[in-house]
Amino acid sequence: MATVQLFTQFPCQTRFSTSPNSKSISKPPILVPISSLTRRRPVFSIRGIAVSRADFKVRATDTGERGSALLAAEEAIEDVEETERLKRSLADSLYGTDRGLNASSETRAEIGDLITQLESKNPTPAPTEALFLLNGKWILAYTSFVNLFPLLSRGIVPLIKVDEISQTIDSENFTVQNSVRFAGPLGTNSISTNAKFEIRSPKRVQIKFEQGVIGTPQLTDSIEIPEYVEVLGQKIDLNPIRGLLTSVQDTASSVARTISSQPPLKFSLPGDNAQSWLLTTYLDKDIRISRGDGGSVFVLIKEGSPLLNP
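Residues numbered from 1 in each chain as written. Predicted model: local features only at pLDDT ≥ 70, side-chain atom pairs only at ≥ 80, totals over all residues. Heavy atoms only, no water.

1. Quick word on the overall build of the chain
Worth spelling out the cut-off: In this text, helices come from DSSP runs of H or I with a minimum length of four residues, and strands from runs of E with a minimum of two, each type numbered from the N-terminal end. Contacts are assigned to residue pairs that have any heavy atoms within 4.5 Å of one another. Where accessible areas are quoted, they stem from the Shrake-Rupley method and a 1.4 Å probe; at the residue level, only the protein chains shown are allowed to cover.
Counting its regular elements, the chain contains 5 helices and 18 strands. Counted over contacts in the chain with a minimum sequence separation of 6, partners at least 24 positions apart contribute 57%. Counting every atom, the chain has about 19000 Å² of accessible surface; 54% of that belongs to carbon and sulfur.

Okay, structure coming up:
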């Protein structure tokens, strides 16, 4: 998003009345700085005019083109502020829902309403014509896609939980990678799918999945050995068996290094079922809202966005 330099004044006209016999004359507008009274807000450019409501106000009335531009600028600032408020409210509503798995019916209704409001304020009406915004890694924050819920609730094996679901878009090569990262007591692993996408409309892309990848497990190479453990209220000293535990730790470290050095396992995804489409209904530098071919909604937040830490 381009930044705009702040102008300290506008060349607009203001009329002042003098004596009854005198004619109206034009004088420069009176600008009253109020930056010391309110906190600074972003600067916007409307029709080539830089304007910030919190940095100044014009004590004048101009009904011409510049007056219309100032009014449009005021409305634009209010619209941007409302959009930012909605984004923060949505991020707050998503907190603790485990990507929608643990959301109550009331929370789902609230999230759905916020999504609809954001979609009505979409600043990027043609997302496929703004691929630079689509580019990068997006973290799944919420979905209504019920086929994901069994994965989120149980993972693959006991003690393994879904740590992150993400989608990485390479807009230069027209590729998409969907990835699920799992975390367990001994390390992490990931499963991903690689796909190509084609632009079908200003909002819609067709996705064809080509390859699946089971990542190499990243095992921890160290085990913390405490001085004691507590069982049924009794403390058990581990010092007498520390040598044995150290030997187990060395073995675990060796196994971890061996497994982590192996290449990932790749497999093809043939067939017509390996295709889907995605409709992007809201897009900016922080949030992407997409709707799938099954009617499901996905809310994704760009990696590095402050909205990931509500």
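Alright, that's what it looks like, and here's the rest.
2. Let's talk about the pairing of strand β9 (residues 175-184)
Test applied: The criterion for strand pairing is that DSSP finds at least two bridges linking the strands in question.
As paired strands, strand β8 (residues 161-170) and β9 are joined by 9 bridges and run antiparallel to one another. Bridge pairing in β9 places Ile-165 opposite Val-180. In this structure, β9 lies alongside strand β10 (residues 187-199), joined through 10 bridges in antiparallel fashion. Within β10, the position partnered with Val-176 by the bridge is Ala-195.

3. A closer look at the nonpolar core
This is how it is decided: Among buried residues, the Ala, Val, Leu, Ile, Met, Phe, Trp, Tyr and Cys ones that are joined through side-chain atoms within 4.5 Å form a nonpolar core. Exposure is judged per residue with a 1.4 Å probe applied to protein chains only, and the accessible area is read against the type maximum: over 50% gives exposed, under 20% gives buried, and values in between give partly exposed.
Leu-140, Val-162, Ile-165, Ile-169, Phe-197 and Ile-207 are the most contacted members of the largest nonpolar core, which has 25 residues in total. Beyond its immediate stretch of four places on either side in the chain, Ile-207 contacts Ala-195, Lys-196, Phe-197, Ala-274, Gln-275, Ser-276, Trp-277 and Leu-278. Among the nonpolar cores identified, the runner-up in size contains 17 residues, and Leu-94, Ile-287, Val-297 and Leu-307 belong to it.

4. Things to note about the pattern of salt bridges
The following threshold applies: Salt bridges are identified by distance alone: a Lys or Arg side-chain nitrogen within 4 Å of an Asp or Glu carboxyl oxygen.
One pass over the structure, following the stated rule, counts 14 salt bridges. One salt bridge in this structure joins Asp-163 and Arg-181, with 2.6 Å as the shortest N-O distance. Of this pair, Asp-163 sits in strand β8 while Arg-181 sits in strand β9, and the two are 18 residues apart along the sequence. Using a relative accessible area of 31% as the deciding quantity, one classes Arg-181 as partly exposed. A salt bridge links Arg-200 to Glu-198, with the shortest nitrogen-to-oxygen separation between them at 3.1 Å.

5. Comments concerning the side chain of Thr-280
Residue placement: Thr-280 occurs in strand β16 (residues 275-283). Classification of Thr-280 as buried rests on a relative accessible area of 7%. The residues contacting Thr-280, other than those within four sequence positions of it, are Pro-127, Leu-134, Lys-203, Arg-288, Ile-289 and Ser-290.

6. Here we look at helix α2 (residues 105-120)
Applicable threshold: Working rule for helices: expected span equals 1.5 Å times residues minus one. In this description, one arc is meant: the one made by directions from the helix axis to the C-beta atoms.
Compared with an ideal rise of 1.5 Å per residue, which puts 16 residues at 22 Å, α2 spans 23 Å between its outermost C-alpha atoms and is within 8% of the ideal. Taken residue by residue, α2 has Ile-111, Leu-114, Ile-115, Leu-118 and Glu-119 as its buried positions. Each buried residue of α2 lies within a common arc of 135° when the element is viewed along its axis, so the set occupies one face. In α2, the exposed positions that point more than 90 degrees away from the buried face belong to Ser-105, Glu-106, Ala-109 and Ser-120.

7. Examining the packing of aromatic side chains
The line we're drawing: Two rings from Phe, Tyr or Trp (for Trp, the six-membered ring) form a pair when their centres sit within 6.5 Å of each other. Planes less than 30 degrees apart are called stacked, planes more than 60 degrees apart edge-to-face, and all others tilted. Each ring is checked for a lysine NZ or an arginine CZ that lies within 6 Å of its centre and within 35 degrees of its normal; such an atom marks a charge sitting over the ring.
Counted under the stated rule, the structure contains 2 aromatic pairs. Note on Phe-145 and Phe-298: the rings are 6.0 Å apart at their centroids and 50° apart in plane angle, and the pair reads as tilted. Taken together, the residues Phe-145 in the loop between β7 (136-143) and α4 (149-154) and Phe-298 in strand β18 (residues 297-302) connect sequence positions 153 residues apart. Assessed through its relative accessible area of 29%, Phe-145 is described here as partly exposed. You can call Phe-298 buried: its relative accessible area is 17%. One Lys or Arg, Arg-204, reaches over the ring of Trp-277 and ends 4.6 Å from the middle of that ring. The cationic tip of Arg-288 hangs over the ring face of Trp-138; the distance from NZ or CZ to the ring centre is 5.4 Å.

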